[in-house]
Amino acid sequence: MAVIKVPKTPKRAFNKRRRPSALLRGQIAHLEWAALPASQRKPGSLPKVDVRTEGQAAERIAELTTLILEQSGAYAKGATHSEQKKTRVRRAAKRTASRATRTRKRR
Amino acid sequence: MAAGLDALKHIVVLMMENRSFDHMLGALRADDARIEGLSGTEFNLDTTGTPAPVKPQAAFQGQLDPDPDHHFPGVDLQIFDGNMAPDRQPTMGGFVKSYFAERRDVKHSRQIMYYFKPGKLPVITTLAREFALCNGWFSSIPGPTLCNRAFAHYGTSFGHVDMNIFYPNTIYKSIYQRLQAAGKTAKIYYFDTKSSTMEIVNLLQHQPQFFGVFDQFLADCQRGTLPDYSFIEPNYSDHDGDAGEILASDQHPDHDVREGERYIASVYNAIKANPALWESTALLVTYDEHGGTYDHVPPPACLPDGFVAQPASTLTGKPFLFDRLGIRVPAVLVSPWIPKGTVVPGAERSGGRVFEHASIPATVTKLFIGPYDERSPREKAAETFDDLLTLDRMRTDTPEFVLS
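Read on for an overview of the structure. Model, not experiment: these values are computed from the prediction.

## Notes on the sheet that holds strand S6 (residues 186-190) of chain B
All names here are of chain B. Sheet architecture is open: eight strands sit in the order S7-S6-S8-S1-S11-S12-S4-S13, paired in mixed fashion. In this open sheet, the two edge strands, each paired with only one partner strand, are strand S7 (211-213) and strand S13 (342-344). Recorded for the sheet is a direction-independent mean angle of 20 degrees between the axes of neighbouring strands. As defined by bridge partners, strand S11 (residues 281-287) adjoins strand S12 (residues 331-334) across four bridges and the pair is classed as antiparallel. Counterpart to Leu283 in the pairing with S12 is Val334.

Now the structure itself:
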């Protein structure tokens, strides 16, 4: 049986300040769209994305994912949910609503 | 029925990001002529008309920045080299010209022809040599990530060739919904909340029960509670985690390819560490699309999908009938019931087999659900890969990966 050693990736490969790819920006746009109240969603019209680094993108993706799961009731079923997380979700919801308003104003 | 197929209870799919077959595995042809890789003589012309040959000089990071174009018009240029005639044939001659448009630097644009030496990618090349390598697995659309990933989840992209995916009125159910309705189990494991899921936001929103994180996948492997079907997403970004810095493992340019190698190995190790799971699981490692990197095999024509993308979406001035596949990507099927060194002939040989991402729901449906009519024409016509588990006796000589 062959034993293959897989080397560690050098630490210098990490760069959370890298410009986010179109893929990450698209992911955020979809999550932002899904997090909007249903009445504000327009198929074919994605919210603007204003993150500048991969690190920021990851933080925003986490907020939106948590918010969407919260809205869908995923956390309601049994999973213990800390107050801290609930606060984060409420903050994220507030930010999403205010971004949606800004986007509408720009149009 | 072969004993391996009889034992098969779980399918796990790991879909990485944005690398072509030749870019990752093209060098393997030097050791095994059955592999439809690179001869070393392939080239494209750069924007000055000078040949830019393939070279085994791909780097782990830093070479593909800015991100090579892989949107529909860019891929059209890569495949057809700018020829827009009605009777045009794919030449795979426009990769360097396409990459030149990103930075307008001739020298830099030639790097899109670079490929990896096998020794630099010990995980994917070992799996390719040890298990079943598909010479002819193509992305489903000559376009970007989201529409291609949609084929893995739904067997279609519902007419989309771009990143604007909305599914307000899906006419076909996702493979996860189908399995649930059939009393089977399915899960999509994304890496963590900061990486989340790509493309299937509508499922996240309406069917959150289908989702878990990678740590849960590891625990499910250990406990033997893996669902019938698992789809694994890599980490899509460099970000801070609870225990420090977490590197992206998706291999999307310009993320370090080595971290993706480690991720593939960790999925393989998790399954192999549980003997009962190892015996009853097939792991498919593939890539959503080529990400703009060079491949020499022209994508073949395919059965139209029943949808039409209009010129306003394709941005090529032409409609697209979903009648041609996208660019070839690596695809390796892993199971101890597969003979060592299996190479599945592809489009290069008459009688070869052409797979695409619709082959994933097609295979899962065939295995776990049975006859099922409410599927896209593409999925119904797609090749399935379950028959590659041909051994009557399980192998005991499969490799081990040790992550340092």
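## Structural notes on the nonpolar core
Residues and elements named next belong to chain B. Among the nonpolar cores identified, the biggest contains 117 residues, and Phe217 and Tyr229 are the most heavily contacted of them. Among the elements that make up this core, the one with the highest residue count is helix H11 (residues 257-272) (eight residues). Among all residues touching Tyr229, those that are not within four sequence positions of it are Ile11, Val13, Ile175, Tyr176, Leu179, Thr185, Ala186, Lys187, Ile360 and Val364.

## Quick notes on helix H7 (residues 145-154) of chain B
Spacing of three or four residues puts side chains on the same side of an α-helix, whose turn is 3.6 residues. Residues and elements named next belong to chain B. The buried fraction of H7 is high, at 10 of 10 residues. Among all positions of H7, only Thr145, Leu146, Cys147, Asn148, Arg149, Ala150, Phe151, Ala152, His153 and Tyr154 are buried. Phi for Gly155, located one or two positions after H7, is positive at around 80 degrees.

## Observations concerning the packing of aromatic side chains
Two measures describe an aromatic ring pair: the distance that separates the ring centres and the angle between the ring planes. All names here are of chain B. Under the definition given, this model contains 21 aromatic pairs over all chains. The interplanar angle of 45 degrees and the centroid separation of 5.9 Å between the aromatic rings of Trp137 and Phe385 together place this pair among those described as tilted. Of the two residues, Trp137 sits in strand S5 (residues 137-138) while Phe385 sits in the loop between helix H15 (377-381) and strand S15 (400-403), which places them 248 residues apart along the sequence. In terms of burial, Trp137 and Phe385 fall into one category: buried. Ring centres of Tyr176 and Phe210 lie 6.0 Å apart, and the angle between their planes is 45 degrees; this geometry places the pair in the tilted category. Separated by 34 residues along the polypeptide, Tyr176 in helix H8 (residues 175-181) and Phe210 in the loop between helix H9 (201-206) and S7 bring together distant segments of the chain. Neither Tyr176 nor Phe210 differs from the other in exposure class; each is buried. The structure contains a cluster of three or more aromatic residues connected by ring pairs, namely Tyr189, Phe191, Phe214, Phe217 and Tyr263. In this arrangement the basic side chain of Lys120 is found over the ring face of Phe60, its NZ or CZ atom lying 4.8 Å from the centre. Positioned above the aromatic ring of Trp278, the side-chain terminus of Lys272 is 5.8 Å from the ring centre.

## Observations regarding the side chain of Asp305(B)
Residues and elements named next belong to chain B. Note that Asp305 resides in the loop between S11 and helix H13 (311-314). Despite its burial, Asp305 remains without a salt bridge, the nearest opposite charge being carried by Arg378 at 5.3 Å. A polar contact of 2.7 Å, which involves the side chain of Asp305, links it to the side chain of Thr156. Filtering out sequence-adjacent residues up to four positions away, Asp305 remains in contact with Phe151, Gly155, Thr156, Ser157, Leu321, Phe322, Ser376, Pro377 and Arg378.

About the thresholds
- All residue numbers refer to position in the chain's written sequence, counted from 1.
- Chains carry letters from A onward and ligands carry numbers from 1 onward, assigned in written order.
- In keeping with the predicted nature of the model, local features appear solely for residues at pLDDT of at least 70, side-chain atom pairs appear and are counted solely at 80 or more, and the whole-chain, interface and lining totals rest on all residues.
- Side-chain measures were taken over the full set of non-hydrogen atoms in the model, leaving aside hydrogen atoms and water.
- Two strands form a pair only when DSSP identifies at least two bridges running between them.
- For helices the rule is a DSSP run of H or I covering at least 4 residues; for strands it is a run of E covering at least 2, with both sets numbered from the N terminus onward.
- Note on geometry: axes are lines fitted to C-alpha atoms, helical ones only across the stretch in contact, with angles between N-to-C directions running from 0 to 180 degrees.
- Definition used in this section: a nonpolar core is a set of buried Ala, Val, Leu, Ile, Met, Phe, Trp, Tyr and Cys residues joined via side-chain atoms within 4.5 Å.
- Only protein chains enter the calculation, and the probe is 1.4 Å; a residue is then buried if its accessible area is under 20% of its type maximum, exposed if over 50%, and partly exposed in between.
- Whether two residues are in contact is decided by their heavy atoms, any of which lying within 4.5 Å being enough.
- Only rings of Phe, Tyr and Trp enter the pairing, Trp through its six-membered ring, and a pair is recorded when the two centres are within 6.5 Å. The plane angle decides the type: under 30 degrees is stacked, over 60 is edge-to-face, the rest tilted.
- A ring has a charge above it when a Lys NZ or an Arg CZ is no more than 6 Å from the ring centre and no more than 35 degrees off the ring normal.
- Positive charges come from Lys and Arg alone, negative charges from Asp and Glu alone, with His and the N- and C-terminal ends not counted.
- A side-chain nitrogen of Lys or Arg and a carboxyl oxygen of Asp or Glu constitute a salt bridge if their distance falls within 4 Å.
- Each polar contact in these results corresponds to two N or O atoms within 3.5 Å; when the atoms are within protein, one needs to be able to donate a hydrogen and the other to accept it, and residues that are neighboring in sequence are counted only if both atoms are side-chain atoms.

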